[in-house]
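Chain by chain, the residues run as shown.
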Amino acid sequence: MDLLDRLEAESLHILRETMACSRQPVLMYSIGKDSSVLLHLARKAFAPAPLPMPLLHVDTGWKFREMIAFRDRVAAAPDVRMLVHVNEDGVRQGIGPISHGASVHVDVMKVQALKQALEQHGFDAAIGGARRDEEKSRAKERIFSLRNAQQRWDPRQQRPELWNVYNTRIAPGESLRVFPLSNWTELDVWRYIRREGIEVVPLYFAALRPVVERDGALIMVDDARLPLRPGEQPMRKRVRFRSLGCYPLTVASESAADTLDAIIAEMQTSRRSERAGRVLDATAGTSLEQKKREGHF
Amino acid sequence: MAAPASPDLLRLITCGSVDDGKSTLIGRLMADTGAVPEDVLEQLARDSQRFGTQGAALDYALLLDGLEAEREQGITIDVAYRYFATPARAFIIADCPGHEQYTRNMATGASTADLAVVLVDAGKGLLRQTRRHSYICALMGIREVILAVNKMDRVDYAAARFEAIAREYATLAARLGITRVTAIPLAAVHGDNLVQRSARMPWYHGPSLLEALHAAQPQVEATAAAAPLCLPVQWVNRPHAEFRGYCGTLAAGRIGVGDAVGVWPAGLRATVARVLDAGRDVAQAAAGAAVTVTLAEDFDIARGDVIAAASAPPEIADQFACHLLWMGEAPLLPGRPYALRLGSASALAQVTEIRHKIDVDTQEAVPARTLRLNEVGYCQLSLDHALAFAPYAHNRTLGGFVLIDRISNASVGAGMIDFALRRAGNIHWQHVDVDRAARAAQNGQRPRCLWFTGLSGSGKSTLANAVEKRLFALGHRTYLLDGDNVRHGLNRDLGFTAEDRVENIRRVAEVARLMVDAGLIVLVAFISPFRAERRMARERFGADEFVEVFVDAPLAVCEARDVKGLYAKARAGELRNFTGVDSPYEPPEAPELHLLSAEGALDVMVEQVVRRALAD
């Protein structure tokens, strides 16, 4: 078997194990390329049965318009049951990345919202698309990762995982986060998307888009949610996104890669990491690890 | 443009002692193959200033240490997985810490590895830890090692030094059953023989590390591909009445439409009707694929069953000899039931004997009564039902298992099955015509086990005694097993350590079960301090046969009574492992009866127990 066949088989095994050993699993859907791959794998794992679990999108209210349109297309598929959760408390308080900064926004609208949604539905296994090659603290994350009743992660109390035998036992109130794409790299994900013909949000492909340059980063002017600073004038540049998070926390990069082949070729010569375009990660050395302890994916 | 072929995959583990330069080696290997992006290197430069141990130079260890605690303490706690690739091959490195106490992590990393890179400092030669790491790799089934003799620059690139180390390691490897060793002289810090062959060691004609990694054969996959079919059923897919598919990952061999197969442990014969590989119908699928198969026959097959070639059935047994690596913070308790996961099958398992433990540095056998964290033992394991299995050396999936503590749910043991023990297989239950129902009817009562648990001095024996008198007066056939009395006879050989307490309860539970089988109402008055053992006792009985009576009195009251003077001795340090003083009591969470013995009147409590004992 070649690399992609092996990665695919491992992911199917993990998805089926989750299905066999949990009471109420859910597939976390974040609209990005990894979610697209995860959904494709889940369909394969359980075929010919329809998807046996719902999808959950935690909507921060600050996704690009193209992302929401894409999500709604996915949700319209006959086998998909898409749950969308918004932290209404946060909406009432008017929390947003521009008014409150990236850290507060992500905490309230993403981490707290996620915890609310999981608790409200009583999910005991939440399947996510995180990969170990994304970031240092992820490299040490288990495939079946335990969360306590407060949904916190304790990196020092992780269960050893040998072979493909997973310990799925949990006490009441505890839950599992499951990561079928743990062993995939960003390049594997794109090659698989090409091989399988998986649809992704068009923002990944280069096109002329209105952007402003702020603190050395290109921010796309998606709509009126981004207040322009004095003297800022949107310019049209050929840009694409490597990673899609909250607008305007996700930085665009100049690129001419408008096909899958071009994206893959660009990646093989790229010297920037995938999460470099996420503002949250750069604020403190261990920021993602802290967020993970608090319940982030 | 045609898509280029996808590379294949090699999984490896890197082991080395703290200062062997392992992180430098991995960091450079990744950097030199383009796997470390610029912004990560910039972050590394910032981190090196703040936490680094290499002065002004880049500290590659920081690139690899992921967790906050690790960075602050400058150590690696946990296994990390690293990824890099060349056009021909992708690599997953399980990067394991070199600290002695983390044997557990090394076993985890080795369990999925095809090959191990063992680092040795050329200046220091083979260390205790080199032997330890090589032993664990061999134990986990790795047969191919690349011996990276690092820091050759410190020994002036001397061929003689390299050759002496390589020779010594070859002897060790042969003894451990490692069949293929490639020794490479390196200076990772300068990149010598890492990616390209070094001009500084013209006497060396072998491959660079990266070349050797390309030349290695993915061993796990090759072994599985050549073996007969083995498919553990992971999940049954039943979307509607017309489709019943068995999902699982092919642990070995091939499966094709029309194949004659057996389903184990039931021993059913069947024919494969359809094979779906990742959702698509195919004629055949090979080891490693995650398939769904349907059978022509309409059998009721469940998760944990194994579909195997009709001509090559797996072994079926409920007792094994195995190597067991202990990973729990609390030591192994022989006799305590743990949850076992083997492939997709589950069972309850107890260690019935530790034949010896193995000193991982010298590989000598040492006598042992228990296993502590990071110790390896050769054990006998007994399951509550028979499973299909294969020796670990033949099949990692059907031969490797994990033990889980049933209360904390922690993964506490990793086992590698050696062979089945035939003992249980040969001792069949003798069929008898007078069965338990007949004996119960003759006695005119419902046989039961009344299990009294509580602290010493809580009033268990007094209460049990009074209950027995009352039952006897009512014409019932009873027997009272009292902790102290049993310890004078049946359990005379047992002390009060945690291991002996477990065995104490196991024997009493067995005796009580035989007596219930004989039609008696059995009263057991034992402190029985651990939940796990009371649960084990309960599981030996039918649903309504076991009545747990929690005789609950505050410790202060029991201690004030101190009928036998034991608390005084324990407080004085003359008595070790005394429950409530220096050994814990875990109160029942859901007893059938909870009696506050310090407050209630004895005759009232007796009536409560008797009523429960005689209830329909």
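Residues numbered from 1 in each chain as written. Chains lettered and ligands numbered in written order. Predicted model: local features only at pLDDT ≥ 70, side-chain atom pairs only at ≥ 80, totals over all residues. Heavy atoms only, no water.

Asks: Can you tell me about the overall build of chain B, naming the residues and giving the values?
Replies: Scanning chain B from terminus to terminus reveals 19 helices and 28 strands. The C-alpha extent of chain B, read off along each of the three principal axes, is 95 × 70 × 45 Å. For chain B, the proportion of its 616 residues judged to be buried stands at 56%. Put simply, 72% of the contacts in chain B that link residues at least 6 apart link residues at least 24 apart. By element, 52% of the accessible surface of chain B is carried by carbon and sulfur atoms, the whole surface being about 25,600 Å². Positive and negative side-chain charges in chain B, numbering 65 and 73 respectively, have mean positions lying 3 Å apart. (Helix = DSSP H or I, 4+ residues; strand = E, 2+ residues; numbered from the N terminus. Buried < 20%, exposed > 50% of the residue type's maximum accessible area, 1.4 Å probe, protein only. Contact = heavy atoms within 4.5 Å. Areas by Shrake-Rupley, 256 points an atom, 1.4 Å probe, with all protein chains shown as cover. Lys, Arg positive; Asp, Glu negative; His and termini not counted. Charge placed at Lys NZ, Arg CZ, Asp CG, Glu CD.)

Asks: Pulling in residues and values, what's your account of the packing of helix H6 (residues 128-139) of chain B against helix H7 (residues 159-176) of chain B?
Replies: Residue and element names in this part refer to chain B. Remark: H6 packs on H7, axes separated minimally by 10 Å, with the N-to-C direction vectors making an angle of 35°. The way H6 lies across H7 gives a crossing that is right-handed. Only Glu168, Tyr169, Leu172 and Leu176 of H7 make contact with H6, whose side of the interface consists of Thr130, Arg131, Ser134, Tyr135 and Ala138. Of the residues that constitute the contact of H6 with H7, the class distribution is 5 nonpolar, 2 polar and 2 charged. (Axes fitted to C-alpha atoms, helices over the stretch in contact; angles between N-to-C directions. Left-handed = near helix turned anticlockwise from the far one by under 90°. Nonpolar A, V, L, I, M, F, W, Y, C, P; charged D, E, K, R; others polar.)

Asks: Outline the pattern of salt bridges, listing residues and values.
Replies: Residues and elements named next belong to chain B. Counted by the stated rule, this structure contains 60 salt bridges over all chains. Across the salt bridge formed by Asp300 and Arg244, the nearest N and O atoms sit 3.7 Å from each other. With Asp300 in the loop between strand S15 (290-295) and strand S16 (306-309) and Arg244 in strand S9 (residues 243-249), the pair connects residues that are 56 residues apart, well separated along the chain. In this structure Asp300 comes out as exposed when scored by relative accessible area, which is 68%. With a closest N to O distance of 2.9 Å, Asp493 and Arg507 form a salt bridge. In this pair, Asp493 sits in the loop between helix H14 (483-488) and helix H15 (498-517) while Arg507 sits in helix H15, placing the two residues 14 residues apart along the sequence. (Salt bridge = Lys/Arg side-chain N within 4 Å of Asp/Glu carboxyl O.)

Asks: I'd like a description of the packing of aromatic side chains, backed by residues and values.
Replies: All told, the structure shown has 16 aromatic pairs over all chains when counted by the stated rule. Ring centres of Phe46 of chain A and Trp235 of chain B lie 5.2 Å apart, and the angle between their planes is 75°; on these two criteria the pair is classed as edge-to-face. Note that Phe46 of chain A is positioned in helix H2 (residues 33-46) and Trp235 of chain B in strand S8 (residues 235-240), a pairing that runs across two chains. Classification of Phe46 of chain A as buried rests on a relative accessible area of 0%. By relative accessible area, which is 13% here, Trp235 of chain B ends up buried. By the ring-pair criterion, three or more aromatic residues cluster together here, those being Phe162, Trp203 and Tyr204 of chain B. The ring of Phe530 of chain B has Arg336 of chain B sitting right over it, with the charged end atom 5.7 Å from the ring centre. (Phe/Tyr/Trp six-rings, centres within 6.5 Å; stacked < 30°, edge-to-face > 60°. Lys NZ or Arg CZ within 6 Å of the ring centre and 35° of its normal.)

Asks: Give me the lowdown on the sheet that holds strand S7 (residues 207-214) of chain A, citing residues and values where you can.
Replies: Residues and elements named next belong to chain A. The antiparallel open sheet is built from 4 strands, whose spatial order is S8-S7-S9-S10. One side of each edge strand has no neighbouring strand; the edge strands of this open sheet are strand S8 (217-220) and strand S10 (253-254). Summarising the sheet, strand S9 (residues 235-240) and S10 pair through 2 bridges and their orientation is antiparallel. The residue bridging Arg240 from the neighbouring strand is Ser253, located in S10. (Pairing = 2+ DSSP bridges.)

Asks: Could you give an account of helix H7 (residues 260-269) of chain A, with specific residues and numbers?
Replies: Along H7 of chain A, the residues classified as buried are Ile263, Ile264 and Met267 of chain A. Seen along its axis, H7 of chain A keeps its buried residues to an arc of 95°; they face one direction. (Arc of directions from axis to C-beta.)

Asks: Explain the interface of chain B and chain A to me, and be specific about the residues and the numbers.
Replies: Facing 81 residues of chain B, the contacting portion of chain A comprises 60 residues. Together chain B and chain A conceal approximately 5,800 Å² of surface at their shared face, both sides included; 53% is due to carbon and sulfur atoms. Broken down residue by residue, the surface that chain B buries against chain A is led by Tyr83, Trp235 and Asn409 of chain B, which jointly contribute 11%. Among the salt bridges present, the one from Glu17 of chain A reaches Arg303 of chain B, with a minimum N-O distance of 2.7 Å. Our count for the contact surface shared by chain B and chain A stands at 24 residue pairs in polar contact (both at pLDDT 80 or more). Among the elements that line the side of chain B that touches chain A, the one with the most residues is helix H2 (residues 38-51) of chain B, at 6 residues. Its residues placed into classes, the side of chain B that touches chain A shows 40 nonpolar, 21 polar and 20 charged. (Buried area = accessible area lost by both parts, 1.4 Å probe. Polar contact = N/O pair within 3.5 Å; in protein donor to acceptor, adjacent residues only side chain to side chain.)

Asks: I'd love a proper account of the environment of Arg138 of chain A, names of residues and values included.
Replies: Along the chain, Arg138 of chain A turns up in the loop between strand S4 (125-127) and strand S5 (144-147). A sequence separation of 58 residues divides Arg138 of chain A from Val80 of chain A, and the C-alpha atoms of the two residues are 29 Å apart.

Asks: Can you lay out the confidence of the model for chain A for me, pointing to particular residues and giving the numbers?
Replies: On average, residues of chain A score 89 in pLDDT, and 94% of them are at 70 or above. Predicted confidence for residues 280-285 of chain A stays below pLDDT 50, and this span has 9 contacts to residues more than four positions away or in other chains. (pLDDT = per-residue confidence, 0-100.)

Asks: So what's going on with the nonpolar core? Residues and values would help.
Replies: The biggest cluster of nonpolar side chains holds 157 residues, and the ones touching the most others in it are Ile13 and Leu213 of chain B. In terms of residues, this core owes the most to one element, helix H1 (residues 3-21) of chain A, which gives 8 residues. If near-sequence neighbours (up to four positions away) are discounted, Ile13 of chain B is found in contact with Ala94, Cys96, Met106, Gly109, Ala110, Ala113, Leu115, Ala116, Val117, Cys137 and Ile142 of chain B. Ranked by size, the runner-up nonpolar core spans 28 residues in total, among them Cys322, Leu342, Val412 and Val502 of chain B. (Core = buried A, V, L, I, M, F, W, Y, C linked by side-chain atoms within 4.5 Å.)

Asks: Account for the environment of Ser456 of chain B, with residues named and values stated.
Replies: Residue and element names in this part refer to chain B. Its place among the elements puts Ser456 in the loop between strand S24 (448-453) and helix H13 (460-473). Judged by its relative accessible area of 8%, Ser456 falls in the buried class. When residues no more than four places from it in sequence are discounted, the contact partners of Ser456 are Ile527, Cys558, Leu566, Tyr567 and Phe578.

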